[in-house]
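Here are the chains, one letter per residue:
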Amino acid sequence: MKKRNQLGSNLKKIMSEYPERLLPKNCYCSKIETTSLLGKNLYLQRKCFLPESQCCVDGDRNNVTPAAFGDTGLSRMSVNLIGGLFLIGDEKWYQNVTENDNWKEGDIDIKLYEGKYEIQDISTSIYFKLDIANSLQWQFPRFFNDNCQYVKYKDAVIKGMSDNFTFSKAVQYQLKAHSECHHSPHCLNYWHMEVRSIIDSIPPEEIKGKNKREKEALRGMIEVLRKHSSLNPPSLINVISEDVYIKNS
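Here the structure is a predicted model, which means the values were calculated and not measured. (Residues numbered from 1 in each chain as written. Predicted model: local features only at pLDDT ≥ 70, side-chain atom pairs only at ≥ 80, totals over all residues. Heavy atoms only, no water.)

Visitor: Sorry, what's going on with the pairing of strand S1 (residues 43–48) here?
Guide: Here is the key point about a regular strand: its side chains alternate between the two faces of the sheet. Of all 6 residues that make up S1, 6 are buried, and the element is covered over most of its length. Judged by which residues are buried, S1 turns out to be covered on both faces: Tyr43, Gln45 and Lys47 on one side and Leu44, Arg46 and Cys48 on the other are all buried. Relative to strand S4 (residues 76–82), S1 is paired through 3 bridges, and the arrangement is antiparallel. In the sheet register, Tyr43 faces S4, and the bridge partner there is Ile82. (Buried < 20%, exposed > 50% of the residue type's maximum accessible area, 1.4 Å probe, protein only. Helix = DSSP H or I, 4+ residues; strand = E, 2+ residues; numbered from the N terminus. Pairing = 2+ DSSP bridges.)

Visitor: What should I look at first to understand the pattern of salt bridges in this one?
Guide: Two side chains with opposite charge may pair up if their charged atoms get near one another. Within this structure, the stated rule accounts for 7 salt bridges. Between Arg76 and Glu99 there is a salt bridge, and its shortest N-O distance comes to 3.5 Å. Pair noted here: Arg76 is in strand S4 and Glu99 is in the loop between strand S5 (93–95) and strand S6 (117–119), with a separation of 23 residues, a long-range link. A residue is classified by how much of its surface remains accessible, and Arg76, at 27% relative accessible area, is partly exposed. Between Glu194 and Arg196 there is a salt bridge whose closest N-O contact spans 3.0 Å. If you follow the salt bridges from partner to partner, you end up with Arg76, Glu99, Glu194 and Arg196 in one network. (Salt bridge = Lys/Arg side-chain N within 4 Å of Asp/Glu carboxyl O.)

Visitor: Where do I start with the side chain of His183 in this structure?
Guide: Within the secondary structure, His183 is located in strand S10 (residues 173–183). The class of His183 is buried, set by a relative accessible area of 4%.

Visitor: Which parts of the structure should I look at to understand the layout of surface pockets?
Guide: Here the idea is plain: a probe the size of a water molecule rolls over the atoms and shows the empty space left. The computed volume of the largest pocket comes to approximately 790 Å³. Lining the largest pocket are 32 residues, and of these Arg46, Ser78, Gln95, Val97 and His192 sit closest to its centre. Among the secondary structure elements, those contributing two or more residues to the lining of the largest pocket are S1, S4, S5 and strand S11 (192–199). Looking at which element gives the most residues to the lining of the largest pocket, the answer is S4, with 5 residues. Residue classes in the lining of the largest pocket are distributed as 13 nonpolar, 13 polar and 6 charged. (1 Å grid on protein atoms, 1.4 Å probe; cavity = no way out; pocket = protein on both sides within 12 Å on 5 of 7 lines; lining within 4 Å. Points joined across faces, edges and corners; volume = space filled by probe spheres on them. Nonpolar A, V, L, I, M, F, W, Y, C, P; charged D, E, K, R; others polar.)

Visitor: Before we go on, may I ask you to explain the environment of Ala68 in this structure?
Guide: With respect to the helices, strands and loops of the structure, Ala68 is situated in the loop between strand S3 (60–64) and S4. Spatially, the C-alpha atoms of Ala68 and Leu50 are 6.6 Å apart, while their sequence positions differ by 18 residues. Apart from the residues within four sequence positions on either side, Ala68 is in contact with Lys47, Cys48, Leu50, Cys55 and Ile126. (Contact = heavy atoms within 4.5 Å.)

Visitor: Any chance you could explain the nonpolar core here in plain terms?
Guide: As a rule of thumb, nonpolar side chains are buried together in soluble globular proteins. Leu37, Leu44, Phe128, Trp191 and Val195 are the most contacted members of the largest nonpolar core, which totals 56 residues. Not counting chain neighbours up to four residues away, the residues in contact with Phe128 comprise Leu42, Tyr43, Leu44, Arg46, Phe69, Met77, Val79, Ala133, Val195, Leu225, His228 and Ser229. (Core = buried A, V, L, I, M, F, W, Y, C linked by side-chain atoms within 4.5 Å.)

Visitor: Which parts of the structure should I look at to understand the pairing of strand S7 (residues 124–129)?
Guide: Counting buried positions along S7 yields 5 of 6 residues, so the element is predominantly enclosed. Bridge analysis of S1 against S7 gives 6 bridges, and the strand direction is antiparallel. Within S7, the residue paired with Gln45 across the bridge is Tyr127.

Visitor: When you look at unusual backbone geometry in this model, what are you seeing that I'm missing?
Guide: With the exception of glycine, the majority of residues adopt a negative phi angle, and the majority of peptide bonds are in the trans configuration. Here Asn41, not a glycine, exhibits a phi torsion of approximately 55°, which is positive. Within the secondary structure, Asn41 sits in the loop between helix H1 (2–17) and S1. Under the relative-accessibility criterion, Asn41 is labelled partly exposed at 30%. For Asp58, which is not glycine, the phi dihedral falls at a positive 55°. Among the structural elements, Asp58 can be located in the loop between strand S2 (56–57) and S3.

Visitor: Got a minute to help me understand the environment of Asn26 in this structure?
Guide: Mapped onto the elements, Asn26 comes out in the loop between H1 and S1. Using a relative accessible area of 40% as the deciding quantity, one classes Asn26 as partly exposed. With 79 residues separating them along the chain, Asn26 and Glu105 place their C-alpha atoms 5.8 Å apart. Asn26 has contacts with Gly106, Asp107 and Lys247, leaving out every residue within four places of it along the chain. Only 3.4 Å separates the side chain of Asn26 from the backbone nitrogen of Gly106, close enough to count as a polar contact. (Polar contact = N/O pair within 3.5 Å; in protein donor to acceptor, adjacent residues only side chain to side chain.)

Here you go:
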């Protein structure tokens, strides 16, 4: 009985510690328009679950590795918006949420999400400007080797990206892609956003593999984005005005 009471006490302690300022409120806008966030020198934060030595090159915190961003297996990447009520340090909270936990409206009762969150040891995070993450453009090469066999884009990246990766056979064509940032609040974090890689157009012969191409495009996006990223938190954090996220304010 004593052990059970102690467990209950620890659970209540964890629940009471969860920062309720991260929770959506009924008075909040269901979505923050990206355009209202641009031009304000705001930053996004991406959690990193690797040791710092694997997140940067030769200890240079301004030279972030592709591995630091992780492999989402998707065409989008989860980030936190800095400047609202999400503070640096809040990334230690891991939210075990799915699409069913996306928030649309109403106040959130934290008690209903017992077991959906926990504290994790996050030693490193990646920071980059929202304006940059929302406006990246890159070409998406389709490589073929000397035997005219398709080479996976991931393998090409490992060998040095298109600038240094050459075959005697020319690249068949280039796909073009761009990035966009979208507010994607869920029930435990109103300040959650996504950076999405979007292929501008795709040839008919690639339609069946569109999902794969989009995932590969995200890897290309990371290669570009990492050049504008740092493991150092921003020295100046601008505050997001309440009229951006509070309805009729």
